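Here are the chains, one letter per residue:
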Amino acid sequence: VGANKFADAAGNGNTVANQFTWTYAAPTTYSVTNTLDDGSTGSFRSAIISANASSTINSIVFDSGVSGTITLTSDLPGITNNLTITGPGESVLAISGDNTYAMFSVSSGKTLALSDLTFTENKSQNGSIIYLNSADAVATSITVTANTNSSAFNSINQSTLTISSSTFSNNSGTIFLSDHGST
């Protein structure tokens, strides 16, 4: 059949208009593919940076096979958008602050949801695992272990931190601190 024509099931040639509609659905999930902390594509740090820069990415997940420990090499970027981070399982993946680096600082008015991860070796700073200032966090099925430094979780200025179905073990530092927040 000629240009701009197609054949229908009966073999008839019909003219096709030179227009079409393109629909693009921006991604809503970033998949972490490795345990590197260098900001490269597929790293957890890259996932947070991408979620912060995007108006559509609201979820970070980990590919099957990502296991072990993500050992931070600097403080993680702050969380500037509502975000859900779902790990592969508490016994599968840990995030370590290496006793030097902070994990999650959530911007005012935002909510962070975490599940199925272990957090270990927090920085000596209040809120070194989760810091909330007029923000909220919900954590489910997390393990917090081997934290020997200052308050791992800090909620201030009408923040709310909710943790359920989680394990706290082998911690010698203060775990919670709240100043006009709810923990």
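Here, the structure is the one placed above.
As a starting point, this report considers the structure included with it. Note that the structure is a prediction, hence the values are computed from the model and not measured. (Residues numbered from 1 in each chain as written. Predicted model: local features only at pLDDT ≥ 70, side-chain atom pairs only at ≥ 80, totals over all residues. Heavy atoms only, no water.)

## Examining the overall build of the chain
Piece 1. Within the chain, the secondary structure is distributed over 1 helix and 15 strands.
Piece 2. Classification of the 183 residues of the chain by burial places 38% in the buried group.
Piece 3. Restricting the contact set of the chain to residue pairs at least 6 apart, pairs at least 24 apart contribute 69%.
Piece 4. As displayed, the chain offers around 9000 Å² of accessible surface, 48% of which is attributable to carbon and sulfur atoms. (Helix = DSSP H or I, 4+ residues; strand = E, 2+ residues; numbered from the N terminus. Buried < 20%, exposed > 50% of the residue type's maximum accessible area, 1.4 Å probe, protein only. Contact = heavy atoms within 4.5 Å. Areas by Shrake-Rupley, 256 points an atom, 1.4 Å probe, with all protein chains shown as cover.)

## Description of the packing of aromatic side chains
Piece 1. One pass over the full model with this rule turns up 6 aromatic pairs.
Piece 2. The interplanar angle of 35 degrees and the centroid separation of 5.6 Å between the aromatic rings of Phe44 and Phe62 together place this pair among those described as tilted. Of this pair, Phe44 sits in helix α1 (residues 44-53) while Phe62 sits in strand β4 (residues 59-62), and the two are 18 residues apart along the sequence. Of the two residues, Phe44 and Phe62, both sit in the buried class.
Piece 3. Within the aromatic cluster, the residues linked to one another by ring pairs are Phe44, Phe62, Phe104 and Phe119. (Phe/Tyr/Trp six-rings, centres within 6.5 Å; stacked < 30°, edge-to-face > 60°.)

## Considerations on the sheet that holds strand β15 (residues 176-179)
Piece 1. Spatial strand order, β8-β10-β12-β15: 4 strands in an open sheet with parallel pairing. At either margin of the open sheet sits one strand with a lone partner, and together these are β8 (104-106) and β15. The mean angle between the axes of side-by-side strands here comes to 10 degrees, regardless of whether they run parallel or antiparallel.
Piece 2. Both strand β12 (residues 153-156) and β15 contribute to a ladder of 4 bridges, which runs parallel. Each bridged residue has a counterpart across the sheet, and for Ile156 the counterpart in β15 is Asp179. (Pairing = 2+ DSSP bridges. Axes fitted to C-alpha atoms, helices over the stretch in contact; angles between N-to-C directions.)

## Remarks on the pairing of strand β10 (residues 130-133)
Piece 1. With burial as the criterion, only one face of β10 is covered, namely that bearing Ile130 and Leu132; the residues Tyr131 and Asn133 on the opposite face remain uncovered.
Piece 2. Across 3 bridges, β8 lies against β10 in parallel orientation. If you follow Phe104 over to β10, its bridge partner there is Ile130.
Piece 3. Pairing between β10 and β12: 4 bridges, direction parallel. Looking at β12, one finds that Asn133 is bridged to Ile156.

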